[in-house]
Amino acid sequence: MTHVEDELNSQPECWIRVAEEAGRHRDVLPGSGERVAVVGCGTSYFMAQAVAALREGAGQGETDAFAASEFPRGRSYDRVIALTRSGTTTEVLELLGGLKGRTRTTAVTADPRTPVMAAADDLVVLDFADERSVVQTRFATTALTLLRAHLGLHADTVVADARTALSTPLSQRLVDCTQFTFLGRGWTVGLANEAGLKMREASLSWTEAYPAMEYRHGPISVTTEGTATWMLGEAPEGLAEQVRATGALWVEGALDPLAELVRAQRLAVAVAAARGLDPDRPRHLTRSVILAP
């Protein structure tokens, strides 16, 4: 078993633990009414998109998401949340340094021995969800579960759905597809983006991700018999029929969207195996992006 397989299989236990511990971190996570930005890089950026949509949708306050390198320095926020598994990513550390003394910051990280511990004002360390693999799985979903629980949006059914996602076989037709498109709505747009990234990182697949309603505004034109179009969450009316009419495989997201992301992680590993690739050694990638001065 690869590191990434071992780590993605452990997600239900990580989610249970972080949901139980969420109350301990209440004081360093955003309070209701605060104006908040959530930042990250790569996978963490896509989790930030999901968190921002969840929080604002729950009526907790205006919430934006940015890639750390694209944060608008002129804007004013009550708190900035930085998601960073490694705690060493250059763009995140530079942003936190620039906000020091001006805006309260909280870093959610996996490693308590990294520079982010001094760069952020407040910290949440999820060391039990740290990973050996380059490809992120359990840290990202555990950080998102922490914030779902903080917002009162986590339920035991999410864990049950994750176990279903891990135990249900993937269809051979799905594994044999040559193009993968992931769709989301609201908070699941970030999950769709992350599912696409997992497929690219682990299996070198042609993948795309879109807000579901935007898919019909052009992208559906490249959908064909070799395409799998996967909906994370509830699909817009009529979309499944339109996709099937192209000859593509329509994948209905029947589980909680976070559990559907676990299924997509499994698919990335399965496609990598079918293509003779090692998902623990993705091309041109390192566990953290550290830029030379």
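All of the points below concern the structure found in this document.

Quick notes on the overall build of the protein
(1) Moving on: Tallying secondary structure elements over the protein gives 11 helices and 9 strands in all.
(2) Moving on: In terms of overall dimensions, the protein is globule-like: its C-alpha atoms have a radius of gyration of 18 Å, near the 19 Å expected for 293 residues.
(3) Moving on: With respect to the three principal axes, the spread of C-alpha positions in the protein is 55 × 40 × 40 Å.
(4) Moving on: Sorting the 293 residues of the protein into buried and exposed places 57% on the buried side.
(5) Moving on: If you take every contact in the protein between residues at least 6 apart in sequence, the share linking residues at least 24 apart comes to 72%.
(6) Moving on: On the protein, roughly 12200 Å² of surface is accessible, and the fraction owed to carbon and sulfur atoms is 49%.
(7) Moving on: Looking at the protein, you have 29 positive and 37 negative side-chain charges, and the mean spots of the two groups are 3 Å apart.

Concerning helix α2 (residues 11-21)
(1) Moving on: Within α2, the full set of buried residues consists of Gln11, Pro12, Cys14, Trp15, Val18 and Glu21.
(2) Moving on: Against the buried residues of α2 lie α1 (3-9), α6 (138-150), α7 (156-167) and α11 (257-274).

A look at the packing of helix α3 (residues 43-57) against α6
(1) Moving on: Between α3 and α6, whose axes approach to 10 Å, the crossing angle comes to 15°. Between α3 and α6, the crossing angle belongs to the class labelled roughly parallel. The handedness of the crossing between α3 and α6 comes out as right-handed. Contacts between α3 and α6 involve Thr43, Met47, Ala50, Val51 and Leu54 from the former and Ala140, Leu144, Leu147 and Arg148 from the latter.
(2) Moving on: Considering only residue class, the contact of α3 with α6 consists of 7 nonpolar, 1 polar and 1 charged.

Focus: the sheet that holds strand β5 (residues 122-125)
(1) Moving on: With parallel pairing, the 5 strands of this open sheet are ordered in space as β2-β1-β3-β4-β5. Across the chains shown, the open sheet's two edge strands, defined by having one partner strand only, are β2 (63-67) and β5. Taking each pair of neighbouring strands and ignoring which way they run, the sheet shows an average axis angle of 20°.
(2) Moving on: Relative to β2, strand β1 (residues 36-40) runs parallel, the two sharing 5 bridges. Residue Ala37 lies in a different strand from β2, and its bridge partner there is Asp64.
(3) Moving on: Against the sheet, helix α4 (residues 90-99) contacts β1, β3 (79-84) and β4 (104-109), and its axis sits at roughly 160° relative to β3.

Observations regarding the side chain of Asp122
(1) Moving on: Structurally, Asp122 is set in strand β5.
(2) Moving on: When its relative accessible area of 12% is taken as the criterion, Asp122 is described as buried.
(3) Moving on: Within the local environment of Asp122, its side chain forms a polar contact with the side chain of Arg79, the two groups lying 3.0 Å apart.
(4) Moving on: Excluding its chain neighbours within four sequence positions, the residues that come into contact with Asp122 are Val28, Arg79, Arg104, Thr105, Thr106 and Ala107.

Structural notes on the pairing of strand β8 (residues 227-232)
(1) Moving on: In terms of burial, β8 is largely enclosed, as 6 of its 6 residues are buried.
(2) Moving on: Along β8, one buried face is formed by Thr227, Thr229 and Met231 and the opposite face, lined by Ala228, Trp230 and Leu232, is buried too.
(3) Moving on: Where strand β6 (residues 179-184) meets β8, 6 bridges bridge the pair, whose relative direction is parallel. Bridge pairing in β8 links Phe180 to Ala228.
(4) Moving on: Two elements, β8 and strand β9 (residues 249-251), share 3 bridges in a ladder whose sense is parallel. Bridge pairing links Thr229 to Trp250 in β9.
(5) Moving on: Following the backbone out of β8, through helix α10 (residues 239-245) and into the adjacent parallel β9, one traces a crossover that is right-handed.

Structural notes on empty space enclosed by the protein
By rolling a water-sized probe across the atoms, one finds the places where empty space is left.
(1) Moving on: Going through the model one piece at a time under the given rule, you end up with 1 cavity of 30 Å³ or more.
(2) Moving on: Its volume calculated, the largest cavity comes out at about 60 Å³.
(3) Moving on: Lining of the largest cavity is provided by Pro30, Val36, Val38, Val51, Arg55, Ile81, Leu147, His150 and Leu151.
(4) Moving on: Contributing elements (two or more residues each) for the lining of the largest cavity: β1, α3 and α6.
(5) Moving on: When grouped by side-chain class, the residues that make up the lining of the largest cavity number 7 nonpolar, 1 polar and 1 charged.

Structural notes on the pairing of β4
(1) Moving on: Burial runs high along β4: 5 of the 6 residues are buried.
(2) Moving on: Where β3 and β4 come together, 6 bridges link them in parallel fashion. Within the sheet, the bridge partner assigned to Thr84 lies in β4 and is Thr109.
(3) Moving on: Once you follow β3 into α4 and on to β4, the crossover reads as right-handed.
(4) Moving on: Sheet topology places β4 next to β5; 4 bridges connect them, and they run parallel. Paired with Val108 across the two strands is Val124, which belongs to β5.

Conventions used here
Residues numbered from 1 in each chain as written. Predicted model: local features only at pLDDT ≥ 70, side-chain atom pairs only at ≥ 80, totals over all residues. Heavy atoms only, no water. Helix = DSSP H or I, 4+ residues; strand = E, 2+ residues; numbered from the N terminus. Rg over C-alpha atoms; globule rule 2.2 N^0.38 Å. Buried < 20%, exposed > 50% of the residue type's maximum accessible area, 1.4 Å probe, protein only. Contact = heavy atoms within 4.5 Å. Areas by Shrake-Rupley, 256 points an atom, 1.4 Å probe, with all protein chains shown as cover. Lys, Arg positive; Asp, Glu negative; His and termini not counted. Charge placed at Lys NZ, Arg CZ, Asp CG, Glu CD. Axes fitted to C-alpha atoms, helices over the stretch in contact; angles between N-to-C directions. Parallel < 35°, antiparallel > 145°, perpendicular 65-115°, else oblique. Left-handed = near helix turned anticlockwise from the far one by under 90°. Nonpolar A, V, L, I, M, F, W, Y, C, P; charged D, E, K, R; others polar. Pairing = 2+ DSSP bridges. Polar contact = N/O pair within 3.5 Å; in protein donor to acceptor, adjacent residues only side chain to side chain. Right-handed = clockwise from strand over helix to strand, strands pointing away. 1 Å grid on protein atoms, 1.4 Å probe; cavity = no way out; pocket = protein on both sides within 12 Å on 5 of 7 lines; lining within 4 Å. Points joined across faces, edges and corners; volume = space filled by probe spheres on them.

No statement about biological role is implied by the geometric values presented.
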